[in-house]
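The chain contents come next:
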Amino acid sequence: MSADKDIDGWLGERGITSGESRARARAALEETGLTSARKVRISEPKLPKAEQVLAERFYRVCAAAPCQQVAKSSGREPLLVEPRSHCEHCGGSNNQRAETAFLEACGRHGVRRVVVVGGSPAVREELEDKLGGSIELRMVDGTERRTAVKAQSDLEWGDLVLVWGATELHHKVSSHYTQPGTPHRHKVVHVARRGVAALLEAGITHLER
């Protein structure tokens, strides 16, 4: 005799917890004959097929606007999930959502080269890993001496320059990029908040202006 599971509990494990989302998911399972309106449990051998039905029909998404936009263009029905860790787009990560939105903004505005001044080694590595395959990055260590000539080269090379003032960044380094009269000041964004999401959101805001 095969085991079975509570249907609402199984849906809840997948972030399908709200009344509307649960009703839509159950309707999809009922339409395919995997359960019926009178049943509260489902046999475990049916669960792989039930997972496939939901995956093909729905895009599980959190309430964040960028994620909702992606879900609507996916070709599947957006299905609200909670907590955000079940979201197919961001997985509950502010960083992941910001990275995706930043690359989309760069694409819209023709930005191919980005300079990041400051940030810890671990964060610079993360940015290289997440963004480096789509745009060119030049990461400047804010704790090491940077000459005015090298900074000028960075300003000329980049389409966007993010100066991360809330991180490991010496004034002698940042001043090369932010001093008044710099001919490329229109490319420079001074970011006063910590965190990858804050850095990239500042870049997005600048580009959208």
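Preceding this section is the structure that the text describes.
Described in the following lines is the structure provided in the data block.

Examining the environment of cysteine 106
In step 1: Inspection of the secondary structure puts cysteine 106 in helix H5 (residues 94–108).
In step 2: In this structure the C-alpha to C-alpha distance between cysteine 106 and valine 61, which are 45 residues apart in sequence, comes to 23 Å.
In step 3: In contact with cysteine 106, not counting residues within four places along its chain, are Val111, Ile135 and Leu207.

Overview of the nonpolar core
In step 1: In this structure, Phe102 and Val114 are the most contacted members of the largest nonpolar core, which totals 24 residues.
In step 2: Ranked by the residues each element gives to this core, the list is headed by helix H9 (residues 196–208), at 6 residues.
In step 3: Excluding residues that lie within four positions of it along the chain, phenylalanine 102 makes contacts with Val114, Leu131, Ile135, Leu160, Leu162, Leu200, Gly203 and Ile204.
In step 4: Of all hydrophobic cores here, the second largest spans 16 residues; its members include Trp10, Ile16, Leu29 and Val81.

A closer look at the state of the cysteines
In step 1: Taken as a whole, this structure holds 0 disulfides when the rule is applied.
In step 2: There is no disulfide at cysteine 87, and the cysteine sulfur nearest it, in cysteine 62, is 3.8 Å away.
In step 3: In this structure cysteine 87 comes out as buried when scored by relative accessible area, which is 4%.

Comments concerning the pairing of strand E8 (residues 188–191)
In step 1: Summarising the sheet, strand E7 (residues 160–164) and E8 pair through 4 bridges and their orientation is parallel. Note on E8: the bridge partner recorded for valine 161 is valine 188.
In step 2: Note that the unit made of E7, helix H8 (residues 171–178) and E8 has a crossover that is right-handed.

What to know about the side chain of aspartate 154
In step 1: Mapped onto the elements, aspartate 154 comes out in helix H7 (residues 148–157).
In step 2: Setting aside residues up to four positions removed in sequence, aspartate 154 forms contacts with Val115, Arg138, Val140, Arg146 and Tyr177.

Digging into the sheet that holds E7
In step 1: The strand order across the open sheet built from 4 strands is E6-E5-E7-E8, with neighbouring strands paired in parallel fashion. If you trace the sheet from one side to the other, it starts and ends with strand E6 (136–140) and E8, each paired once. Averaged over all pairs of adjacent strands, the angle between their axes in this sheet comes to 20°, without regard to strand direction.
In step 2: On top of the sheet, H8 reaches strand E5 (113–117), E6, E7 and E8; it is set at about 150° to E7, its chief contact.

With respect to the packing of aromatic side chains
In step 1: Taken as a whole and assessed by the stated rule, the structure comprises 0 aromatic pairs.
In step 2: Looking at arginine 138, its charged tip hangs above the ring of tryptophan 157, at a distance of 4.3 Å from the centre.

Overview of the pairing of E5
In step 1: Within E5, 4 of the 5 residues are buried, leaving the element largely enclosed by the surrounding structure.
In step 2: With 5 bridges joining them, E5 and E6 adopt parallel strand pairing. Bridging across to E6, valine 115 finds its partner in arginine 138.
In step 3: Read as a crossover between parallel neighbours, the route from E5 over helix H6 (residues 121–131) to E6 is right-handed.

Criteria and thresholds
- Residues numbered from 1 in each chain as written.
- Predicted model: local features only at pLDDT ≥ 70, side-chain atom pairs only at ≥ 80, totals over all residues.
- Heavy atoms only, no water.
- Helix = DSSP H or I, 4+ residues; strand = E, 2+ residues; numbered from the N terminus.
- Contact = heavy atoms within 4.5 Å.
- Core = buried A, V, L, I, M, F, W, Y, C linked by side-chain atoms within 4.5 Å.
- Buried < 20%, exposed > 50% of the residue type's maximum accessible area, 1.4 Å probe, protein only.
- Disulfide = S-S within 2.5 Å.
- Pairing = 2+ DSSP bridges.
- Right-handed = clockwise from strand over helix to strand, strands pointing away.
- Axes fitted to C-alpha atoms, helices over the stretch in contact; angles between N-to-C directions.
- Phe/Tyr/Trp six-rings, centres within 6.5 Å; stacked < 30°, edge-to-face > 60°.
- Lys NZ or Arg CZ within 6 Å of the ring centre and 35° of its normal.

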